[in-house]
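Coordinates in review
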Amino acid sequence: MVGYLVFLAISTGIAALFSLGLNLQWGYTGLINFGHVAFMTVGAYTTVLLALKGVPLIIAVPLGAGLAALLGLLIGLSTLRLREDYLAIVTIGVSEVIRLIVLNEEWLTRGTFGVQGFPLPLATWSPNLLMRLMMIALLTLIAGLTFWRMWQWFSKELQQGKTENRFPVGSLILGMASSLLGLAVYVAGVMALYDYTYKAGLMVLLLLVLTVIFWQMERLARSPWGRVLKAIREDEEVAKALGKNVFWYKLQSLMLGGAIAGIAGSFYAWQQTSIYADDFIPLTTFEAWTIVVLGGAGNNVGTVLGAIIFWAYNTVTRFVLPALLPFDDARLGAFRVMVIGLLLMVLMMARPQGILGKKEELTLGR
Amino acid sequence: MLAAYGLGKSFGGLRAVDDAKLEVAQGSITGLIGPNGAGKTTLFNLLSNFIRSDRGRVIFDGEPIQHLQPHQIAQMGMVRTFQVARVLSRLSVMENMLLGAQKQTGENFWNVWLQPKQVIEEEKQQRERAEAILESVGLAHMAGAYAGALSGGQRKLLEMARALMTDPKLILLDEPAAGVNPTLINQICDRIVTWNREGMTFLIIEHNMDVIMSLCDRVWVLAEGRNLADGTPAEIQQNAQVLEAYLG
Ligand SMILES: Nc1ncnc2c1ncn2[C@@H]1O[C@H](COP(=O)(O)OP(=O)(O)OP(=O)(O)O)[C@@H](O)[C@H]1O
Ligand SMILES: [Mg+2]
């Protein structure tokens, strides 16, 4: 149970990180990236292959992120001057090309055999009690920050509810559910850290990276730099008319979002401890789209929440559905994807702006 | 300040702008008029390079600019507005305004981290400037609202105010009075005169002849993409060719 909760926390963290990159590109800048998984592939393979050559992880990860950003630069340079739908087509193509390269260039990536046995962070480390307690303190700090942030959000909802004379029931349920889930993960994390395992260490590392990146993304979103991105999303001709170098900002958004996905790739590799070309199929991209749309595009909190809901759904259906339905595994898998599609459709009809999106924004004219 | 010679642009077989000439003197308020479809908006697009011209030269502030990107031209101090006002719907009116400010430290990715104090300081200053300009066009009470919630006339005002935030040398207004109520039109005209006295040059497309006649030092007339006439408002009013182009 503890092990599964740690696994859940890591998976959610990776999905959240990965989707934050897409949220920057799509949610803030309006770039349609249907090949987000390509950045993750580049990040994952660069990290593990360099690590196998003896490059320290602290260098290999930034290099992976850097190469992912470079891929973003190349895609951007070749398509951003064209009409915007080209980006969608080219990104989906590039992600498949990258996967096929990984599959076929066996001298580099070992093809279908995948890469195993690469160095992992904190794997051979056996921390003493003090170190473990310090990591628990760190986890507590992150959990505290998260709860504080959530409380802030909820009291704002409450305020708004008061002015409109209604109690935000939906927000309360949402807040309670994610609080409970967060609490369970936190307790499991503390237990896992106390009897230190590799996965527990990885979880703390990931949550730390996620927190820092999330915080910096929020900061960027509120900065004048982020304002230019949002302006481009709304109407790039206006941004041009006001002297903003739209092309360059789009490139930056594509590169930064790509780099973040690259880092998510490193963590993915470390969680799996072996990677295969078939891990990086287009479905991964569409999961990120689901998460971003679910939470509300252009909303970092929403994106993280989307990742939590996505994985909670994944877990619940994995354990509950087999008990209810007489399907075999393959059918169950397909059924789960079908249900998530259905849920997404229902959500889009009931709440097209996403869970945390602002309703008012939908009624605005162009 | 701005001069264009021999500008031409065809859309398919249609010569929207054909060998057009235009001069805007520094410190002036220059008018550009012509019947619907005369090519006025297209000429604006050519001047600001939103559309590349087929031929011709554009000189701004003594330098040829027809090879520059639209944003570079805006950075040089020539900013344009759109005939159908374009606002950034899901940003607030204030954010729309702040976007107009030029040379913002915080618009550089690295500076967000490297010079946070400077960024905050500039934001504060720009916010004050924006408030003053919004006040002058009567939109101060809407500062916190989504720009997408504004009416058509308010959008025109916001667009003009936003262009002013760039602190331009020359501002091209495409029908600033269209869809704005008469009292407000007078107020805007007063504003334009004030800003003009402070040193800003204007080039204005407008169908409202009262506006043109009361504001402009010089008027250029375009018909079917070609220059028809140019002169003082009084001369233009007397010009038989112009009257004919408008009436028949
Ligand atoms: N992008 C375009 N593609 C094709 N034709 C165009 C384009 N833009 C303008 N035109 C045509 O060029 C001609 C001039 O249009 P323009 O918008 O410049 O006129 P205008 O003088 O601004 O008119 P109005 O006073 O109605 O705004 C019109 O016949 C128009 O249909
Ligand atoms: Mg026009």
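That block above? That's the structure.
Residues numbered from 1 in each chain as written. Chains lettered and ligands numbered in written order. Predicted model: local features only at pLDDT ≥ 70, side-chain atom pairs only at ≥ 80, totals over all residues. Heavy atoms only, no water.

1. Observations regarding the overall build of chain B
Looking only at helices and strands, chain B features 10 helices and 10 strands. Dimensions of chain B along its principal axes, counting C-alpha atoms only, are 60 × 40 × 35 Å. Looking at chain B as a whole, 55% of its 248 residues qualify as buried. (Helix = DSSP H or I, 4+ residues; strand = E, 2+ residues; numbered from the N terminus. Buried < 20%, exposed > 50% of the residue type's maximum accessible area, 1.4 Å probe, protein only.)

2. Here we look at the coordination of the magnesium ion (ligand 2)
All names here are of chain B. Taken together, Thr 41 (OG1) and Gln 83 (OE1) make up the protein donors of the magnesium ion (ligand 2), found 1.9 to 2.1 Å from the metal. Taken together, the residues Thr 41 in helix α1 (residues 40-47) and Gln 83 in the loop between β6 (78-80) and α3 (93-100) connect sequence positions 42 residues apart. Assessed through its relative accessible area of 34%, Gln 83 is described here as partly exposed. (Donors = N, O, S within 2.8 Å, 3.2 Å for Na, K, Ca; no water.)

3. Considering the interface of chain B and chain A
Counting residues at the interface gives 36 residues for chain B and 30 residues for chain A. For the pair chain B and chain A, the summed buried surface comes to about 3100 Å²; carbon and sulfur atoms form 60% of the total. If you sort the residues of chain B by the area they bury against chain A, Arg90(B), Leu99(B) and Tyr146(B) come out on top, with a joint share of 21%. On the surface where chain B and chain A come into contact, there are five salt bridges. Arg90(B) is the partner of Glu234(A) in a salt bridge, and the nearest nitrogen-oxygen pair spans 3.0 Å. Put simply, chain B and chain A have 14 residue pairs in polar contact (both at pLDDT 80 or more) between them. (Contact = heavy atoms within 4.5 Å. Buried area = accessible area lost by both parts, 1.4 Å probe. Salt bridge = Lys/Arg side-chain N within 4 Å of Asp/Glu carboxyl O. Polar contact = N/O pair within 3.5 Å; in protein donor to acceptor, adjacent residues only side chain to side chain.)

4. Observations regarding the side chain of Asn49(B)
Residue and element names in this part refer to chain B. Within the secondary structure, Asn 49 is located in the loop between α1 and β4 (55-60). Looking at Asn 49, the relative accessible area reads 7%, which means it is buried. Those residues in contact with Asn 49 that sit more than four places away from it in its chain are Ile 65, Gln 66, His 67, Leu 68, Pro 70 and Ile 73.

5. Details of the environment of Arg99(A)
All names here are of chain A. Within the secondary structure, Arg 99 is located in helix α4 (residues 84-104). C-alpha of Arg 99 to C-alpha of Phe 34: the two residues are 65 residues apart in sequence and 14 Å apart in space. Excluding its chain neighbours within four sequence positions, the residues that come into contact with Arg 99 are Ala 277, Asp 278, Phe 280 and Ile 281. Here the side chain of Arg 99 touches Asp 278 through a polar contact of 3.4 Å, side chain to side chain.

6. Concerning the nonpolar core
Residues Leu17(A), Trp225(A), Ile275(A), Leu158(B), Ile192(B) and Phe202(B) are the most contacted members of the largest nonpolar core, which totals 150 residues. The element best represented in this core is helix α11 (residues 246-272) of chain A, accounting for 15 residues. Looking at which domains feed residues into this core, each of domain 1 (2-87 + 166-247) and domain 2 (89-149) of chain B gives three or more. Residues contacting Leu158(B), with those up to four places away along its chain left out, are Val87(B), Val93(B), Asn96(B), Met97(B), Leu134(B), Leu139(B), Ala147(B) and Leu150(B). Formed by 26 residues, the second largest nonpolar core is a distinct cluster that contains Leu7(B), Val24(B), Leu46(B) and Leu203(B). (Core = buried A, V, L, I, M, F, W, Y, C linked by side-chain atoms within 4.5 Å. Domains from an automatic or database assignment.)

7. What about the sheet that holds strand β2 (residues 14-24) of chain B?
Residues and elements named next belong to chain B. An order of β2-β1-β4-β5 is seen for the four strands of this open sheet, with the pairing classed as antiparallel. The sheet terminates laterally at β2 and β5 (63-64), the two strands that pair on one side only. The pairing of strand β1 (residues 2-11) with β2 spans seven bridges and is classified as antiparallel. Of the residues in β2, the one forming a bridge with Ala 4 is Leu 22. With respect to the sheet, α1 is in contact with β1, β2 and β4, its orientation differing from that of β1 by roughly 115°. (Pairing = 2+ DSSP bridges. Axes fitted to C-alpha atoms, helices over the stretch in contact; angles between N-to-C directions.)

8. Digging into the site of ligand 1
All names here are of chain B. Every one of the 13 residues lining ligand 1 counts as a neighbour, but Lys 40, Thr 41, Thr 42, Gln 83 and His 207 are closest to it. In the model, an oxygen atom of ligand 1 is placed 2.7 Å from a nitrogen or oxygen of the Lys 40 side chain. The separation between an oxygen atom of ligand 1 and a polar side-chain atom of Gln 83 is 2.8 Å. Summarising the interface, the protein chains cover 62% of the accessible area of ligand 1, which totals 630 Å² for the free molecule. Mapped onto the shell around ligand 1, the elements with two or more residues apiece are β2 and α1. In terms of residue count, α1 provides more of the shell around ligand 1 than any other element does, three residues in total. Here the residues of the shell around ligand 1 are counted per class, giving four nonpolar, seven polar and two charged. (Near = heavy atom within 4 Å. Areas by Shrake-Rupley, 256 points an atom, 1.4 Å probe, with all protein chains shown as cover. Nonpolar A, V, L, I, M, F, W, Y, C, P; charged D, E, K, R; others polar.)

9. Some details on helix α7 (residues 182-197) of chain B
Residues and elements named next belong to chain B. Counted at 1.5 Å a residue, the expected span for α7 with its 16 residues is 22 Å, and the 23 Å between its end C-alpha atoms agrees. Among the residues of α7, Ile 185, Ile 188, Cys 189, Ile 192, Trp 195 and Asn 196 are the ones counted as buried. What you see down the axis of α7 is that its buried residues fit within an arc of 130°, all on one side. In α7, the exposed positions angled more than 90 degrees off the buried face are occupied by Thr 183, Asp 190 and Arg 197. Along its buried surface, α7 packs onto β3 (29-33), α5 (116-136), α6 (152-165), β7 (170-174), β8 (201-205) and α8 (209-215). Positive phi appears at Gly 199, one or two residues downstream of α7, with a value of about 115°. (Expected span 1.5 Å × (residues − 1). Arc of directions from axis to C-beta.)

10. Observations regarding the sheet that holds strand β10 (residues 226-231) of chain B
Residue and element names in this part refer to chain B. Here we have six strands laid out as an open sheet, ordered β6-β7-β8-β3-β9-β10, and mixed in their pairing. Both edges of this open sheet fall to β6 and β10, since each of them pairs with a single strand only. Taking the axes of each pair of neighbouring strands and ignoring which way they run, one obtains an average angle of 15° across the sheet. The pairing of β6 with β7 spans three bridges and is parallel. Across the sheet, the residue bridging to Arg 80 is Leu 172, located in β7. The strands touched by α6 within the sheet are β6 and β7, with β7 carrying the most contacts at an inclination of about 165°. Across the sheet, α7 is in contact with β3, β7 and β8; its angle to β8 comes to roughly 150°.

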